[in-house]
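# Per-entry structural report
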Protein chains: 2
Amino acid sequence: MDPDLTTKERLQRAAKAAFWARGYSNVGLREIARAAGADVALIKRYFGDKLGLFSATLDRAFDTSALPQTNGADLVEAVVHLFSIASRDPNDPSIIRLILMNAHDAEVGALVRAAHGQQMQSYLERVIGDPTRAALFMSVILGASVAEKSLRLQATAPLGSSGYAAELRYMLQAALAYKVT
Amino acid sequence: MDPDLTTKERLQRAAKAAFWARGYSNVGLREIARAAGADVALIKRYFGDKLGLFSATLDRAFDTSALPQTNGADLVEAVVHLFSIASRDPNDPSIIRLILMNAHDAEVGALVRAAHGQQMQSYLERVIGDPTRAALFMSVILGASVAEKSLRLQATAPLGSSGYAAELRYMLQAALAYKVT
DNA sequence: AATGAATGTCAACAAGTGTTGACATTCATA
DNA sequence: TATGAATGTCAACACTTGTTGACATTCATT
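A brief structural summary. By convention here, each chain's residues receive numbers from 1 onward along its written sequence. Just so you know, chain letters begin at A and ligand numbers begin at 1, following the order they were written in. Per-residue local features of the predicted model are confined to residues with pLDDT of at least 70, and side-chain atom pairs are confined, for both listing and counting, to 80 or more; whole-chain, interface and lining totals are unaffected and use all residues.

So, about the relation of the copies chain B and chain A. The transformation that overlays chain B on chain A combines an axial shift of 0.0 Å with a rotation of 180 degrees, and the residual RMSD is 0.1 Å. Such a combination of turn and shift is consistent with a two-fold rotation axis. Judged by C-alpha distance, Gly143(B) is the residue of chain B that lies nearest the rotation axis, at 1.7 Å. When the interface residues of chain B are mapped onto chain A, 100% of them again fall at the interface, so both copies present the same face. Least squares is used to superpose the copies, and the fit set is the C-alpha atoms of residues whose pLDDT is at least 70 in both copies. Whether two residues are in contact depends on their C-beta atoms, placed from the backbone: they are in contact if these lie within 7 Å.

Printed below as a string of structure tokens:
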């Protein structure tokens, strides 16, 4: 960890790395403090308690300013990149993983959903227009991300040039454009 | 808990209820023993240790004998029912939830994936035929399940008669049948 | 009734948890 | 240089965790 940073900053970064990798309840404060090269008691001073530290790792993590503002093919590629679907690394931090890992804890789960889930949904609704279609679009994204990162389906393989990738992009297009007849 | 059952049986059922609801590391053995009306030490006698108890809850949990053996519209409905997509209850046990909640723990995650994820995948591959198409099909299922149960997207709503339900079924059909041109 | 296996009870262990208060040090400002 | 705020250090608290060994009870079989 970079020693030039503030201790508070180092604590926050170490916390984010740990929490996003293994979930809220599976990370101890002493472990975070050790990774940050700081003392546990400083967490209380800077963040109040464990939940406050966790909340701090959620700030300004979902930025839609660089994303497409209109519905189109570039939206598909941008979202694929945003949710790290193309990456096979299970430790690659993803807001989806974070939500799933903390879904069992009512308090923490609500915190994460409020901070990111709703931001993500409202972005897609704004860009796509129809809320139902936006939800369907996000469902396909979720499924692809989960299939690769958590379930590790063999058949999905690298998402670069396989048949799965081509079909997945078609599914995303279908979620954007299809009209039920 | 039914007092007519064996203590071992009661422990196993209480363990499954707890583990499947909140994940492996978030459940304590004393809590399971209390729910089963038994003593903690009996867990050691019957299951060895915590991981042994968890493993016991995975036995015979994925049964494909009652599922369709051919690719078709009934496969869509059967799978929707199997993964409890139609249920909005976050406590409704689902193998998908179980996998996701334990994805952060290498040992436990591998155990669950080995017991169920691969069975699920091989079933779909056998019925659907093409492995890539089976993976795509499961991705859509995963996404729908996660969107409702963990992310709780507002727009997905009850999956009974909404526009989302109709479109989701179309997506599943597309995953089964579409040929990329 | 006696034997032995099966089953249940209790207390404790070492380690880890989040949290806290008292104290020491550093450092910028008056 | 002196003051006070900011920052860092240390030890301990009450509690929970998985695990374990010694002991008591129940129960079927001889």
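Still more ground to cover, so stick around.
Attention now goes to the environment of Lys149(A). One can find Lys149(A) in helix α8 (residues 131-149). For Lys149(A), a count of 24 C-beta atoms within 10 Å gives the class buried. A run of H or I in DSSP becomes a helix once it reaches four residues, and a run of E becomes a strand once it reaches two; helices and strands are each numbered from the N terminus. Exposed residues have 12 or fewer other C-beta atoms within 10 Å of their own C-beta, buried residues have 20 or more, and partly exposed residues fall in between, where C-beta atoms are placed from the backbone.

Another point: the interface of chain B and chain A. With 44 residues of chain B in contact, the opposing surface of chain A contributes 44 residues. For the side of chain B that touches chain A, the element with the most residues is helix α8 (residues 131-149) of chain B, which contributes 14 residues. Of the residues in the side of chain B that touches chain A, the class split is 28 nonpolar, twelve polar and four charged. Only Asp, Glu, Lys and Arg are considered charged in this grouping, and only Ala, Val, Leu, Ile, Met, Phe, Trp, Tyr, Cys and Pro are considered nonpolar; every other residue, Gly among them, is considered polar.

Here the focus is the protein's contact with DNA strand C. Taken together, 15 residues form the shell around DNA strand C, and within it Gly28(A), Ala41(A), Asp49(A), Thr7(B) and Ala41(B) come nearest. Looking at the surface near DNA strand C, the elements that each hand over two or more residues are α2 (29-36) and α3 (41-47) of chain A together with α3 (41-47) of chain B. A per-class count over the surface near DNA strand C returns seven nonpolar, two polar and six charged. The criterion for a residue being near a molecule or strand is simple: its C-beta atom, placed using the backbone, must lie within 6 Å of it.

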